[in-house]
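# Report on the structure
Listed below, chain by chain, are the residues.
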Amino acid sequence: MVGPVSFETSRRRFLGTMAGGLVGLGLMHPARAGARPAARLPDPGTVPVIDPALLSAVEAASLLQSGQLHPRELLDACLRRSRDHDGGVGAWIHLYPDLAYAAADAAATRLSAARASGEPVSPVCGLPIALKDLFAVGGLPLTASSNVLRDNVAAGDSGVWRRLQEAGAVLLGHVHTDEFAIGVVTPQVANPWNPQYSPGGSSGGSAAAVAARFVPLSVGSDTGGSLRLPASSCGVSAIKPTYGRITSHGMIPLTWTRDHPGPIGHSLADASLLLGVLAGAEADDPVTAAGPGVPEGGYPLVPPSGTAPLAGVRIGVPHGATDRLAPELRRLFDEFLATARALGAETVPVSMPHPPDSLLAGDTAEMGAYHRQFVDRLGDYRIDLAPLVSAAVASLALPVADYFGLERDRLRYQHQYNAMFRDHDLDVIALPGALDDGCPRDAFAGLSVLSGVAGDVQWANYTGAPAVSFPVGRSAVTGLPFGVQLGALPWQEAALISVGLALQEALPVWRDVPPVAPAPRELPVATPAAPGPGPDPTNTLGAAAPVRTPATLSTGGW
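Okay, so let's go over this structure.

Conventions we followed
Residues numbered from 1 in each chain as written. Predicted model: local features only at pLDDT ≥ 70, side-chain atom pairs only at ≥ 80, totals over all residues. Heavy atoms only, no water. 1 Å grid on protein atoms, 1.4 Å probe; cavity = no way out; pocket = protein on both sides within 12 Å on 5 of 7 lines; lining within 4 Å. Points joined across faces, edges and corners; volume = space filled by probe spheres on them. Nonpolar A, V, L, I, M, F, W, Y, C, P; charged D, E, K, R; others polar. Salt bridge = Lys/Arg side-chain N within 4 Å of Asp/Glu carboxyl O. Helix = DSSP H or I, 4+ residues; strand = E, 2+ residues; numbered from the N terminus. Buried < 20%, exposed > 50% of the residue type's maximum accessible area, 1.4 Å probe, protein only. Phe/Tyr/Trp six-rings, centres within 6.5 Å; stacked < 30°, edge-to-face > 60°. Lys NZ or Arg CZ within 6 Å of the ring centre and 35° of its normal. Axes fitted to C-alpha atoms, helices over the stretch in contact; angles between N-to-C directions. Parallel < 35°, antiparallel > 145°, perpendicular 65-115°, else oblique. Contact = heavy atoms within 4.5 Å. Left-handed = near helix turned anticlockwise from the far one by under 90°. Pairing = 2+ DSSP bridges.

## Let's talk about empty space enclosed by the protein
Evaluated as defined, the whole model comprises four cavities of 30 Å³ or more. Here the largest cavity is characterised by a volume of approximately 210 Å³. L229, S233, A434, D436 and C439 are, among the 20 residues lining the largest cavity, the residues nearest its centre. Taken together, the residues of the lining of the largest cavity break down into eleven nonpolar, seven polar and two charged.

## Structural notes on the pattern of salt bridges
As enumerated under the stated definition, the model contains 22 salt bridges in all. Here R331 makes a salt bridge to E328, at a shortest N to O gap of 2.6 Å. One end of the pair, R331, and the other, E328, are both in helix α10 (residues 327-342), three residues apart, so they sit about a helical turn from each other. Of the residues examined, R331 reaches a relative accessible area of 28% and is grouped as partly exposed. Each of the salt bridges in this network shares a partner with another, and the network as a whole consists of R162, R163, E282 and D284.

## Considerations on the packing of aromatic side chains
What characterises a pair of aromatic rings is the spacing of the ring centres plus the angle enclosed by the ring planes. Per the counting criterion, the structure on display carries eight aromatic pairs. Where F180 meets F374, the ring centres are 5.7 Å apart and the plane angle is 40°; that geometry is what we call tilted. Remark: F374 occurs in the loop between α11 (359-371) and α12 (386-394) and F180 occurs in the loop between β3 (170-175) and α7 (204-211); sequence separation between them is 194 residues. Grouping residues by exposure puts F180 and F374 together as buried. Consider the rings of F180 and Y381, whose centres lie 5.7 Å apart with planes at 35°: the pair is tilted. Highlighted residues: F180 in the loop between β3 and α7 and Y381 in the loop between α11 and α12, separated in sequence by 201 residues. Three or more aromatic residues link up through ring pairs in this structure, and these residues are F180, Y370, F374 and Y381. When the ring centre of W459 is taken as origin, the NZ or CZ atom of R228, which lies over that ring, is 5.7 Å away.

## What to know about the packing of helix α4 (residues 71-85) against helix α5 (residues 97-117)
Put simply, α4 and α5 touch, their axes get as near as 8 Å, and they point 150° apart. As far as their axial angle goes, α5 and α4 are roughly antiparallel. Contacts between α4 and α5 involve P71, R72, L75, D76 and L79 on the former and, on the latter, P97, A100, Y101, A104, D105, A107, A108 and L111. When the residues that make up the contact of α4 with α5 are grouped by side-chain class, the tally is ten nonpolar, no polar and three charged.

## Structural notes on the packing of helix α9 (residues 268-278) against helix α15 (residues 493-506)
At their nearest, the axes of α9 and α15 sit 10 Å apart, and the two run at 155° to each other. By the angle between their directions, the pair α9 and α15 is classed as roughly antiparallel. For the element pair α9 and α15, the recorded crossing hand is left-handed. Of α15, the residues touching α9 (which contributes L268, A269, S272 and L275) are E493, I497, G500, L501 and Q504. Considering only residue class, the contact of α9 with α15 consists of five nonpolar, three polar and one charged.

## Some words on the pairing of strand β5 (residues 237-240)
Residues S237 and I239 of β5 are buried on one face, and the alternating residues A238 and K240, pointing to the opposite face, are buried as well. Strand direction decides the pairing type here: β5 and strand β6 (residues 260-265), joined by two bridges, are antiparallel. In the strand pairing of β6, S237 is matched with G265. With three bridges connecting them, β5 and strand β10 (residues 467-474) associate as antiparallel partners.

None of this, on its own, says anything about what the molecule does.
See below:
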């Protein structure tokens, strides 16, 4: 195994370089300068020769595209590492090696034909992918990591998997979610950095599988920080895109108006690579056609060039953002802000609007509207979650007029968020990725992602605005990773990612590999079965969203 890159060494080297007057990143301010996203893979000659499972997604894609790595070799490495180590992590709920090898061979043929013809091929072609156990793949198990759906088989393909399959991605398996994506800890999965701690939730399996180097990319979802919290806890990178940027058709919902599918990778470039495939309009999901199209050439993979790294970028830092942080995490966040300023950014204190407390009632009602189909199976839910589900079903007594009143509250909050950007001339905002320096695996039992207890994350789900999360250091107290969130206005993923790439280049802690102990496991292999009767791809009732409202750039007249 290649030893981890020391964050402290990297930071000192970077700041020393800055002190010497050399600016290494050269990031033009993308939002103000109109810089075109830099969406290119690294030169294969610069990719280190290591165990293929340890490669980042963009590194592996470069070698696959050039013919220097065969999709089977990469798949072999990922399966071997999973067999040797997942006994101590428990990220996988189902694997599909026969399907994966067939897909790898098909990808190899496709890549070879593309090299011969000179025609472009998707950068995810041949890359192994993990899906959170919420995304339907016809004929394969779909259980939401719950005994309630232990025998469920998907009736069709989710929009997410359809796009990945068309691009030539290799589905390696489904990974665990906190049951039905309700909780924030994913207790059945261990944090690869320390198995006594939670990987975060609800996309804990998605983040842990990437952090442990079982797979270079995974797809999760974010309803109340469910991508960003695990990314911070596991030291990986995630993108929660604008609401409607990625289809949620064929995904088991938590709340239809807050669910955001999104990518996870080792680096922000990896997640950006996957976002370029997942994003776009889908006929089955009209809200995906509401915003602007995906940028030509996809999303950025490297920082734009220029002589002034983050000159002109204004980063809003909400008052009280660090008040609930432990001293060690506050130190890491302050050092991150210092790095941003060293790159030329200006940090601006702002008063961030607080989401109305009333919105939780609407979220709970949406959750109950889906879970009422399982009221005769409450005993099959995890014991700490059954009361939450029961209360959600009971909340359906909320009058319809009140529900629509809550939607007006949500729109008012979206306008206030947008006005904050306008009033302070902001490009992005920055917040801690999580509040706790490590969370024991049972610490937040019985609490849902809707509560916001594990981090200041609800703002991005209620506004529908895009957010990225990436690691900036590791705690000297626990040794666990700590990340930050950056947010922007709706539909500004490209500019947001560019700023994040510049910062991650200066703080390359994402390259650190967790010391996962050998722990062999007989992997939970599943084979295709007859698809469920449907009609929804998830083979459950009420999975299709009854109402979805696009994100807005309006500041309203409140």
